[in-house]
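Working through the structure, step by step
What follows is each chain in one-letter form.
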Amino acid sequence: MGDRTAPTGTLLIRGGTVVDATGERRADVVVADGRVVAVGEGLTAGPGATVLDAGGCVVAPGLVDLHTHLRQPGSEESETVETGSRAASLGGFTAVVAMPNTNPPLDSADAVRSVLDLGRSATVEVAVAGAITVARAGERLAPMAELAALGVRIFTDDGAGVQSAGMMRCALEYAAALGVTLAQHCEDASLADGGAMHEGAWSSRLGVPGIPGLAEEVMVARDLALARETAARVHLLHLSTARSVDLVRVAKVQGVPVTAEAAPHHFTLTDASAATYDPLFKVNPPLRPQADVDAVVAGLADGTIDAIATDHAPHPPESKDLPFDLAPPGMLGLETALALAITGLGLPIRQVVGLLSWRPASIAGLDAGAGGEQGGPIAAGCPANLCVLDPAARWTVDPAALASRSRNTPYGGRTLTGRVRHTLFRGEPVVVDGRAQR
Ligand code: DOR
């Protein structure tokens, strides 16, 4: 490492364990001009350097969220690029993929450009998922080539699945030619429409119309067949049932180009939560029974499910105050995802970080291999997008203390293990000691 003293004006992360895709080692990290300049034991700070304590902490590549609803444009009362990015930084993220179900939707070059522009002053990298179809209506393809030319690497009609197999096949053929990924919200409307929670024993007992697991599984099966046929990359959003996980497991063995994600609520909560009719537990796909939760955990553990994604879906209090069947689906995720993964999965910390950092970075095309700056590794010369997290810290979720503009977390009052201490975005400490710096 040559000179072991950090030069003036730099930042030293001291006393942590560096964890990235290449392995795990005790090391200090020196950052200057937005980049990591040294990694090694016993580094010291030069005059004027900022020192961040990482004692007892993991120093990881910044987390990457494949699935964030930033609500801008159109629902700024719920979230904005600025407030959502601050929540993301506090959650340890240094990049988010903004979902296109805004108003207007992100189905045109102008709309995509407007979010990319807002993202330029954010505390995380804001990538955009473009819509697959115009107005996410499933009828006409969005101008995918034009959006890809703006840097869009992932397309989805999230909030709804593309219902027509013919339309999806056509979109996949375009996606293959453009080298982009299609992300599917797997939900067959003919099976799901009118439902408000998982169809099963609890929905019968509560008298709430149900959404069967089958609504997800038929579209998973269909899209795996289409991906096999077109050789286009398909990413399956928020998988929630055991059979979906099994379908993906088999398809991967057969070489189908598929990746999948799961959201923290699908591995930490069950449909029994709806027993109080509290709309904070309403989400799409719905919370499922314990056997499905166990299958999602197993899928994350064995790599069938590649990534954890938040599906951060802010809604203002007045909309969540409606009766269960009328309230909109969705829950906050950015500020609790890491702790829920550490608390809920029981996996080694390096595996948890991989599920939240380098795996999603690569799916989103934001990793070094794709010319991006997310997901590590943490080595001299690499961009300093970093998350310093204390895997043993215990804290209790206080909805009022969240940075999101909305409050709709179902985890209020829960004590979790694992907390972000510092986040660096392009070398700037945007979170220090758990506090946002701007
Ligand atoms: O619960 C959900 N909320 N699921 C979705 O697919 C969309 C999201 C939203 O935008 O609120």
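Below or above, wherever it landed, is the structure these notes cover. Note that the coordinates shown come from a computational prediction; the quantities given were computed from them, not determined experimentally.

On to helix H13 (residues 349–356), then. Where burial is concerned, most of H13 is hidden: six out of the eight residues are buried. What H13 keeps buried is the set Ile349, Val352, Val353, Gly354, Leu355 and Leu356.

With that settled, consider the sheet that holds strand S9 (residues 154–156). Taking strand neighbours across the sheet as the criterion, the eight strands line up as S6-S7-S8-S9-S10-S13-S14-S15 in an open arrangement whose pairing is parallel. Of all strands in the sheet, those with a lone pairing partner are strand S6 (63–68) and strand S15 (307–308), marking the two edges. As judged from the three bridges shared by strand S10 (residues 181–184) and strand S13 (residues 234–236), these two strands associate in the parallel manner. Residue pairing across strands places Leu182 opposite Val234, the latter belonging to S13. Each of strand S7 (93–98) and strand S8 (125–130) is contacted by helix H2 (residues 109–119), which is oriented at about 170° to S8, the strand it contacts most.

For the rest of this paragraph, the subject is unusual backbone geometry. The residue after Asn103, namely Pro104, is reached through a cis peptide bond having omega 5°. Positionally, Pro104 belongs in the loop between S7 and H2. Following Gly376, the chain continues to Pro377 via a peptide bond in cis, the omega torsion being 5°. Turning to its location among the elements, Pro377 is positioned in the loop between helix H14 (358–363) and strand S16 (386–396). Despite not being glycine, Tyr277 shows a phi value in the positive range, around 60°. Among the secondary structure elements, Tyr277 is positioned in the loop between helix H9 (264–268) and helix H10 (290–302). For Asp433, which is not a glycine, the phi torsion comes out positive at approximately 50°.

We now examine empty space enclosed by the protein. Tallied over the entire structure, the rule returns four cavities of 30 Å³ or more. Looking at the largest cavity, its volume works out to about 50 Å³. Lining the largest cavity we find Ala196, Met197, Asp271, Ala274, Phe281, Lys282, Val283, Pro286, Leu287 and Phe324.

Attention shifts here to the site of the ligand. Near the ligand, the surroundings consist of 14 residues, among which Arg71, Asn101, His185, Asn284 and His315 are the closest. In the model, an oxygen atom of the ligand is placed 2.7 Å from a nitrogen or oxygen of the Arg71 side chain. The backbone of Pro329 places a nitrogen or oxygen atom 3.1 Å from a nitrogen atom of the ligand. Coverage of the ligand by the protein amounts to 93% of the 290 Å² it exposes when considered alone.

This brings us to the pairing of S16. For a regular strand, side-chain orientation follows a simple rule: the groups alternate between the two sheet faces. Relative to S16, strand S5 (residues 58–61) runs antiparallel, the two being bridged by four bridges. Within S16, the residue paired with Ala60 across the bridge is Cys387. Sheet analysis places S16 next to strand S17 (residues 415–425), joined by eight bridges and oriented antiparallel. If you follow Val388 over to S17, its bridge partner there is His422.

All right, on to the pattern of salt bridges then. Within this structure, the stated rule accounts for 15 salt bridges. Linking Arg25 and Asp20 is a salt bridge whose minimum nitrogen-to-oxygen distance equals 3.2 Å. By relative accessible area, Arg25 is classed as partly exposed at 28%. One salt bridge connects Arg113 with Asp110, and the closest N-O pair in it is separated by 3.1 Å. With a gap of three residues between them, Arg113 and Asp110 both fall in helix H2, about one helical turn apart. For Arg113, a relative accessible area of 37% corresponds to the partly exposed category. For Asp110, a relative accessible area of 59% puts it in the exposed group. The network of salt bridges with common partners includes Asp53, Asp390 and Arg421.

Counting 73 residues, the largest nonpolar core has Val126, Phe155, Leu182, Leu236, Leu300 and Leu389 as its most contacted members. In contact with Phe155, not counting residues within four places along its chain, are Gly130, Ala131, Ile132, Met144, Leu147, Ala148, Val180, Thr181, Leu182 and Ala183.

What follows is about the packing of helix H4 (residues 165–178) against helix H7 (residues 213–230). At a minimum axis separation of 10 Å, H4 and H7 run at an interaxial angle of 40°. As far as their axial angle goes, H7 and H4 are oblique. In this structure, H4 crosses over H7, and the sense of that crossing is right-handed. Taken together, the residues of H7 that come into contact with H4 (itself represented by Ala165, Met168, Arg169, Leu172, Glu173 and Ala176) are Arg222, Asp223, Leu226, Ala227, Glu229 and Thr230. Broken down by class, the residue content of the contact of H4 with H7 amounts to six nonpolar, one polar and five charged.

Conventions used here
Residues numbered from 1 in each chain as written. Predicted model: local features only at pLDDT ≥ 70, side-chain atom pairs only at ≥ 80, totals over all residues. Heavy atoms only, no water. Buried < 20%, exposed > 50% of the residue type's maximum accessible area, 1.4 Å probe, protein only. Helix = DSSP H or I, 4+ residues; strand = E, 2+ residues; numbered from the N terminus. Pairing = 2+ DSSP bridges. Contact = heavy atoms within 4.5 Å. Axes fitted to C-alpha atoms, helices over the stretch in contact; angles between N-to-C directions. 1 Å grid on protein atoms, 1.4 Å probe; cavity = no way out; pocket = protein on both sides within 12 Å on 5 of 7 lines; lining within 4 Å. Points joined across faces, edges and corners; volume = space filled by probe spheres on them. Near = heavy atom within 4 Å. Polar contact = N/O pair within 3.5 Å; in protein donor to acceptor, adjacent residues only side chain to side chain. Areas by Shrake-Rupley, 256 points an atom, 1.4 Å probe, with all protein chains shown as cover. Salt bridge = Lys/Arg side-chain N within 4 Å of Asp/Glu carboxyl O. Core = buried A, V, L, I, M, F, W, Y, C linked by side-chain atoms within 4.5 Å. Parallel < 35°, antiparallel > 145°, perpendicular 65-115°, else oblique. Left-handed = near helix turned anticlockwise from the far one by under 90°. Nonpolar A, V, L, I, M, F, W, Y, C, P; charged D, E, K, R; others polar.

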